[in-house]
Structure formats: C-alpha cells, structure tokens
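Commentary on secondary and tertiary structure
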Amino acid sequence: MRSDLPVSGRQIDIVAAARRLAPQIVAAREEAEQMRQTPATLARALADAGLYQMFLPRSVGGMEVTPLVAFEAIEELSKADGSVGWCAMIASDVAMITGWLPTETLRKMVGSPADFRAAGSLRPQGKAWPVDGGYRVKGQWNFASGIMNANWLYCPTVVMDGEKPQLTPAGTPKVRAMWLPIKEARIIDTWQTIGLRGTGSHDFIVDDAFVPEDRSCFIAEPPVEKGALYNQRLFLVALWVTTAGNALGIARGAIDTFVDIALRDASTQSTALLRDRPYVQSRVGTAEAILNAARAYVVHAVDAAWQAVCDGDRDPSRKIADARLAITHAIHEAVRAVDIVFHAAGTNAIYTRNPLERHFRDVHVVVQHNSAFPAHYETAGKVLMGLKPTDPGW
C-alpha cells in the first residue's frame, strides 16, 4: 500500500480537519499578524483536531501519522496561512521526539485524552548539571515557534561537569534534551520579522529548573517507540518533509491568490484584466508546473524512503538521500513559484491588504530553515556518487 495515502480513519480525519479549519484560519490571519502569534481560540481548535501532535506515539493516545499524511495536513493549513501551518509543523515535529521518552513518563505528560502542544529548539543552547534523580537546567533558547500556545518545552542542553562540558568518547560535548512544562520558562519577546510573523517564535529562558532523569532523552540513543516513524535513519526525512509541506502550501496559496487577482484586476497602465494577458497566462502556467513537479518529487521520494524502512531495507541510504534532496528542492522551488506570480501581479502585490504579499514574505522566511540549506545539494550529490557524507542524517 502506498504510504502517502491515509492508512486509517484517524489519518484521513486529520487532513480533513485541516481543510475544515481553513475558513477560520483565514478569518484570523490579520489578528495573528498583529499579535505575532496564533490567537488562542484558533490554537484551541487546532489542538482539539490533533494538528499540534500528529507525530505523538499511539502508545499514549497520539495519532502517529505517517510523514506524508502530516505533510498533506500541513500543506492544507499553510494554504490558508503560512504561520498557522508552521506552528502545527513545529509542534508535531517536536512531538515525534517524545518517542525517545519512557512510555509511562510520556503518558503522564500528555494526559488523557492526549493534549500535547510542544515548542522548543533543536539547538543545545542550555546547560544541564547532573544531580540526584535528574538535572538542574539553565539556558536561553531561540526560535520557539508556537510557544505562546504551548504546554511543554523541548530544551537541548550540554551536560556539564562543573564549569566544563562532559565529553563523549569522541571528545565532543555531551548533549541531552530536557522536557519542561511551560510554567518553568520565561518568554522573551524577540519575534520581530519580515515573515511568518504569526508564529510567535520567541526566545525563552529557563533558570535553574529541576528535570527528572526520565524526562530527558537523546535522539542518538535507541528510541523507546518501535514504529517506523521513530526510526533513526528516517528521522530527518520525517522531521523535514513537513517543512516542505509548509513551503508548498504557501506557494499553492500564492498561486490561488494570484489567479483570483487576475480574474478581477487590471493595472495602472491597462484596463485589460490580468487574466487576458499572454504574459500573465504564461507565468501562471510556469508557476503551476514548478509547484506540481516539486510536490510530486517529494511524495515519490519520501514514499520510497518510508517503504524502504518499513520493509527492513538494510541500506536505505540512496532512498533517504533522494528524499532529503526532494525536500530541499521543494522548498526552493516553492520560493521560485511564489516569486513568479508575485512579480506577475505588478504593483497589485505590494499592498499589505493583498494576501499575496504575505505569502511572498512567509515563503522567504521558510527557505532560511535548516532543511533548505544549499549544502544539502552537495551532500546528496556525494551519496548519489557513492561517497560517504560527513553530515548526520543521510
């Protein structure tokens, strides 16, 4: 069975729920832009639908959806608003990392029914000192998207020995992630950006909080959960295909918005509708082809990598490299598609009252994410030519 197709009623429901919420998301866009966060009422609706915890393990009441189901759900949300899709993406990605926590510990964290709204950072920006039963933690982390609506924080740290980091056998600082309830942190208002303004991706500070040992983990260790979603070889593919979904969803929203503009608007130099101009027709066709081709590559490559892991392929390296390449490529192609319709719209596109302007700003922030770094093209090329990559996750 193709893994990009829903495999259960619950997985079908999560994509349908994202579609149903689109009118509510569109209605809240201006408020979110001004507040620089998802409004609480909308955040509650997203949480109730399970869209903040799509990768939460089934063992604690989560959906544990396949990567391409989450991709499609994020894509649907991002058509309506890139910031809403981004926050659901980050929260679900962080939820996947709970697969490394003891099941009983996680069950206590999420409650029943499961309500897990996570924020955090992948960067080890804090310090943790071992104490009896756990760790004392201090630090400041950035880019905590969705933190204003979160109830748990993921906090990677460097484990300390007095004033110096503990070292691994390889001589590198020992890293371990801590999970803290939101009440243990102080949020610092830092999110003043050109795009994705509604994500509320502020900094947060933790000052000498205690974290019990069973609420810490390290993703380089074997996961507790045994499902394919938590397979270490597939980790970055599953984590970042949702970023591609966010970019492609924003691009789809941009093209749809431009078509709507073209059906009703002219320009300052001509009374002819944009839709009746050959240049505009060509630009729409080009953007559509770019977007659909990039999306098809993602679906095909991620499906192949997922199936390889599910089938127990001993060396899925080529398929994982292809999936990683497709993800990076899709994000850059989404930017290209948005740029095409933005410029085709002329001065119509520059007004903040026009949603196309927001799609343009948002997608140019998405492409700054690690998953879109141009260095990934180089690493994929190494794998495809039989060379050993130096970067992890390939």
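Up top is the structure these notes are about.
What this report covers is the structure whose coordinates are included nearby. (Residues numbered from 1 in each chain as written. Predicted model: local features only at pLDDT ≥ 70, side-chain atom pairs only at ≥ 80, totals over all residues. Heavy atoms only, no water.)

Points about the pattern of salt bridges
This structure, assessed with the given rule, holds 21 salt bridges. For D189, the salt bridge goes to R36, with nearest N and O atoms at 2.8 Å. Separated by 153 residues along the polypeptide, D189 in the loop between β7 (185-188) and β8 (202-212) and R36 in the loop between α2 (22-35) and α3 (40-48) bring together distant segments of the chain. A relative accessible area of 17% places R36 in the buried class. Note that R107 and E104 form a salt bridge whose closest N and O atoms lie 2.3 Å from each other. Of this pair, R107 and E104 both sit in helix α6 (residues 103-110), separated by three residues, roughly a single helical turn. R107 gets classed as partly exposed once you look at its relative accessible area, which sits at 33%. (Salt bridge = Lys/Arg side-chain N within 4 Å of Asp/Glu carboxyl O. Helix = DSSP H or I, 4+ residues; strand = E, 2+ residues; numbered from the N terminus. Buried < 20%, exposed > 50% of the residue type's maximum accessible area, 1.4 Å probe, protein only.)

A short note on empty space enclosed by the protein
Enumeration over the complete set of coordinates arrives at two cavities of 30 Å³ or more. Of the volumes computed, that of the largest cavity is approximately 80 Å³. Here the second largest cavity defines a volume of roughly 30 Å³. Taken together, R29, A80, D81, P355, R358, H359 and D362 form the lining of the second largest cavity. For the lining of the second largest cavity, the leading source of residues is helix α10 (residues 355-366), giving four residues. (1 Å grid on protein atoms, 1.4 Å probe; cavity = no way out; pocket = protein on both sides within 12 Å on 5 of 7 lines; lining within 4 Å. Points joined across faces, edges and corners; volume = space filled by probe spheres on them.)

Considerations on the side chain of E75
Relative to the helices and strands, E75 is located in helix α4 (residues 67-80). Engagement of the side chain of E75 in a polar contact is seen with the side chain of R295, the distance being 2.8 Å. Apart from the residues lying within four places of it in its own chain, the contact partners of E75 are G245, L248, G249 and R295. (Polar contact = N/O pair within 3.5 Å; in protein donor to acceptor, adjacent residues only side chain to side chain. Contact = heavy atoms within 4.5 Å.)

So, the layout of surface pockets
Any empty space left between the atoms is revealed when a probe the size of a water molecule rolls over them. In this model, the largest pocket occupies a volume close to 1300 Å³. Contributing to the lining of the largest pocket are 49 residues, with L122, R123, L239, W240 and N370 lying nearest its centre. Counting only elements with at least two residues in the lining of the largest pocket, the list comes to α5 (82-96), β3 (134-144), β4 (152-161), β6 (175-181), α7 (235-264), α10 and α11 (375-384). The class makeup of the residues in the lining of the largest pocket is 29 nonpolar, 14 polar and six charged. (Nonpolar A, V, L, I, M, F, W, Y, C, P; charged D, E, K, R; others polar.)

A short note on the state of the cysteines
The term disulfide refers to a covalent linkage connecting the sulfur atoms of a pair of cysteines. Per the counting criterion, the structure on display carries zero disulfides. The structure places no disulfide on C87, whose sulfur is separated from the nearest cysteine sulfur, that of C155, by 17 Å. (Disulfide = S-S within 2.5 Å.)

Here's the deal with a nonpolar patch on the surface
There is a patch of nonpolar side chains on the surface, built from L384, M385 and L387 and spanning about 320 Å² of accessible area. Relative to the helices and strands, L384 is located in helix α11. (Patch = residues over 30% accessible without salt bridge, like charges linked within 9 Å, V, L, I, M, F, W, Y side chains within 5 Å. Areas by Shrake-Rupley, 256 points an atom, 1.4 Å probe, with all protein chains shown as cover.)

Digging into the packing of aromatic side chains
Any aromatic ring pair is given by two values, namely how distant the centres are and how the planes are angled relative to each other. One pass over the full model with this rule turns up seven aromatic pairs. The interplanar angle of 80 degrees and the centroid separation of 5.8 Å between the aromatic rings of W100 and F235 together place this pair among those described as edge-to-face. With a gap of 135 residues between them, W100 in the loop between α5 and α6 and F235 in helix α7 connect regions that are remote in the sequence. Residue classification places W100 among the buried residues on the basis of a relative accessible area of 6%. The exposure class of F235 is buried, given its relative accessible area of 9%. Considering the side-chain rings of F143 and W191, the 6.3 Å spacing of their centres and the 85 degrees angle between planes classify their relative orientation as edge-to-face. Placement of the pair is F143 in strand β3 and W191 in the loop between β7 and β8, with a sequence separation of 48 residues. For F143, a relative accessible area of 43% translates into the label partly exposed. Among the aromatic residues, those joined into a ring-pair cluster are W100, Y230 and F235. A cation sits over an aromatic face here: R353 above Y351, 4.1 Å from the ring centre. (Phe/Tyr/Trp six-rings, centres within 6.5 Å; stacked < 30°, edge-to-face > 60°. Lys NZ or Arg CZ within 6 Å of the ring centre and 35° of its normal.)

Quick look at unusual backbone geometry
The peptide bond linking S112 to P113 adopts the cis configuration, its omega dihedral lying at -5 degrees. Turning to its location among the elements, P113 is positioned in the loop between α6 and β1 (118-120). Unusually for a residue other than glycine, D208 sits at a positive phi of about 60 degrees. Considering the arrangement of structural elements, one finds D208 in strand β8.

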